[in-house]
Amino acid sequence: MPSYRAPVEDTLFLLNDVLGFHNHANLAGFAEASPDVVEAVLNEGAKLADAVLAPLNRPGDVEGCTWHPDGSVTTPKGFKAAYDAYAQGGWMGLSVPEAYGGQGLPHTLNTAIQEFASGANLALGMYPGLTQGAMAALLVHGSEAQKATYLPKMVEGTWTGTMNLTEPHCGTDLGLLKTKAVANGDGSYGLTGTKIFISAGEHDLSENIVHLVIARIEGAPAGTKGISLFVVPKFLVNPDGSLGARNGVSCGSIEHKMGIHGNSTCVMNYDGATGWLVGQENRGLNAMFVMMNEARLAVGVQGLGQSEVAYQNAAAYAKDRLQGRALSGAKAPDRAADPIIVHPDVRRTLMGIRAFNEAGRALVLWTALQSDIVHRSEDPRERQAADDHMGLMTPVVKGVLTDRGFSNAVEAQQMFGGHGYVEEWGMSQFVRDARIAMIYEGANGIQAMDLIGRKLPKDGGRAMMTFLAEVQAFIKDNDEDEVLKPFTAPLQAGLNDLQGATMWLMQNAFTKPDNAGAGATDYMHLLGLVAMGYMWGRIAKAAVARKAEGNGAAARMDAKLVTGRFYMERLLPETAMRLVRIKAGADTTMALEADAF
């Protein structure tokens, strides 16, 4: 049976020593998040993840969700009680304003808890995760009446939320959507259409499900300019807040998927369902993108969570499994063979995953901290800089962390040999569950194109120039520190590759757009490599400082420094390969006629 242990100690180190979480006490909610409170929140979240969510992961995968002819869906045994524990613990509203029943704590803490939940039980963690995304959209674009009606119940966990975008003929190109909305004359609309791949669209965990649905109002412009967003509850809500009649929305079926079996992925049918406009008419994508960006960051966290749980189980197995002898001589001469952890190639695999996980976690928390600044700072310049960071890094967090999260799950499975291919060991579930994160909330190729086509040139490239300058300043400030040389020198090489790729695209992509398309994924990963290399530079500096304090953390900090050097020596040099690929352009990629494939 696979196991999971939430990485509390590493998360605390990143928040306190690397990211300077305590330096933001001027932001709303941060003063209440004292070091003691932060540690208590993370420890309690870890207990929930380790003891309640994780034990249901494999059983939930085996049982899956069940659709019934009346349109209802039953989640796996134990999911309801675990969800109730999550909701009753106050985790749903951890970062929601107190005015709606939340705790108003920083979103950064919620992001850490999301990783714990995703690592422990991805399918179960999606139910509250989607609700939090729906709440984020309502907080920004909902009317006061909508926020008062829906948010308190969603914070309680009594009601859950979804996002409804995809249609059978319409995925990424939302301008093709056919779901229509007809004004009822009383301020509400009747929605008719079909949505597919709707995660948590129907289930037995909550009393009501609040669907956020995009549709086209009769007479609206074609394409994305005519899309509006609506809130469509499963049960209508009476003026006193109690539940009324069943709305005209139903689950026609659930998908039989490769993974995340414990989460219901639904076909949702809207038959004149009553909904209310969220935000402005024909401005639905603006509102939906609040939810989508929140979801994309959360999906990146899912990739990290699966990489972490896969690593933990692979490392434990490698220390226990006996096979062969060490190349340098027997390490366990009293046993029939050495544990496979002694073999360099096993170490290479485990170190690669570990080095990614620690840097990826830092990148996620750094980006979550920028989200808090965007929403809580009173300084417009600070907000702008944080918003620039969010725009630039959202596709990187989503695309790179899920691509690598899946490949790391495969690598961890490999540590088990044939046992990894057998279901009872649980490693195949991590592979299957991690795979979806590369697809939903915008497939990773779309993330790469978003980065190249929108985020990189936005505001004259301001976000990228700021990032490049920040990394260069870090290198310059620490270049004379011999202890940090193993970090600053490789980081400079990676940064040079990133600058070279950026300049090449500026010179070659606008006149020939296919060059951008052909190099987009490589550019996204190149940026991700440098961003995580920068994180390792900051981690290393903090680890050296912690060692100097002499507080008994020397061994743990030495392990971080070794892991960071591995990243710099073995993973970061991949930037050179990515640069070569980008500079190859699109000629051979686009040369064959379609019929030749």
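Residues numbered from 1 in each chain as written. Predicted model: local features only at pLDDT ≥ 70, side-chain atom pairs only at ≥ 80, totals over all residues. Heavy atoms only, no water.

*Asks:* Talk me through the overall build of the chain; I want residue IDs and the actual numbers.
*Replies:* Per the secondary structure count, the chain includes 18 helices and 11 strands. Relative to the globule expectation of 25 Å for 597 residues, the C-alpha radius of gyration of the chain, 24 Å, shows essentially globular dimensions. Each of the three principal axes of the chain carries a C-alpha extent, and together these read 80 × 60 × 60 Å. Out of the 597 residues in the chain, the part that is buried amounts to 57%. Accessible surface for the chain amounts to roughly 24200 Å². Of this, 54% is attributable to carbon and sulfur atoms. Within the chain, one finds 51 positive and 64 negative side-chain charges whose respective centroids are separated by 3 Å. (Helix = DSSP H or I, 4+ residues; strand = E, 2+ residues; numbered from the N terminus. Rg over C-alpha atoms; globule rule 2.2 N^0.38 Å. Buried < 20%, exposed > 50% of the residue type's maximum accessible area, 1.4 Å probe, protein only. Areas by Shrake-Rupley, 256 points an atom, 1.4 Å probe, with all protein chains shown as cover. Lys, Arg positive; Asp, Glu negative; His and termini not counted. Charge placed at Lys NZ, Arg CZ, Asp CG, Glu CD.)

*Asks:* I'd like a description of a nonpolar patch on the surface, backed by residues and values.
*Replies:* A cluster of nonpolar side chains, namely Met 503, Met 506 and Phe 510, defines an oily patch on the protein surface of about 350 Å² accessible area. Within the element layout of this structure, Met 503 appears in helix H14 (residues 485–508). (Patch = residues over 30% accessible without salt bridge, like charges linked within 9 Å, V, L, I, M, F, W, Y side chains within 5 Å. Salt bridge = Lys/Arg side-chain N within 4 Å of Asp/Glu carboxyl O.)

*Asks:* Hey, could you go over unusual backbone geometry for me, with residue numbers and the actual values?
*Replies:* Positive phi, close to 65°, is recorded for Asn 282, a residue that is not glycine. Within the secondary structure, Asn 282 sits in the loop between strand E11 (265–278) and helix H8 (284–320). Exposure remark for Asn 282: the relative accessible area of 22% places this residue in the partly exposed category.

*Asks:* Tell me what's going on with the environment of Ser 95, and back it up with residues and numbers.
*Replies:* In this structure, Ser 95 sits in the loop between helix H4 (79–88) and helix H5 (107–120). With 12 residues separating them along the chain, Ser 95 and His 107 place their C-alpha atoms 5.2 Å apart. When near neighbours in sequence (up to four residues on either side) are disregarded, Ser 95 contacts Gly 104, Leu 105, Pro 106, His 107, Asn 110 and Arg 376. (Contact = heavy atoms within 4.5 Å.)

*Asks:* Which residues make up the packing of helix H10 (residues 380–414) against helix H15 (residues 513–549), and what are the values?
*Replies:* Look at H10 against H15: their axes get within 9 Å of each other, and the N-to-C directions meet at 95°. Relative to H15, the element H10 lies roughly perpendicular. Contacts from Leu 392, Met 393, Pro 395, Val 396, Gly 399, Val 400, Asp 403 and Arg 404 in H10 reach Met 524, His 525, Leu 527, Gly 528, Leu 529, Ala 531 and Met 532 in H15. Of the residues assigned to the contact of H10 with H15, the class counts are 10 nonpolar, 3 polar and 2 charged. (Axes fitted to C-alpha atoms, helices over the stretch in contact; angles between N-to-C directions. Parallel < 35°, antiparallel > 145°, perpendicular 65-115°, else oblique. Nonpolar A, V, L, I, M, F, W, Y, C, P; charged D, E, K, R; others polar.)

*Asks:* I'd like to hear about the side chain of Arg 361, residue by residue, with values.
*Replies:* Tracing the sequence through the fold places Arg 361 in helix H9 (residues 344–376). On the basis of relative accessibility, which here comes to 2%, the residue Arg 361 falls in the buried class. At 2.8 Å, the side chain of Arg 361 forms a polar contact with the side chain of Asp 10. Of the polar contacts made by the side chain of Arg 361, one reaches the side chain of Glu 308; its length is 3.1 Å. (Polar contact = N/O pair within 3.5 Å; in protein donor to acceptor, adjacent residues only side chain to side chain.)

Note that all results are geometric; they support no functional claim without further evidence.
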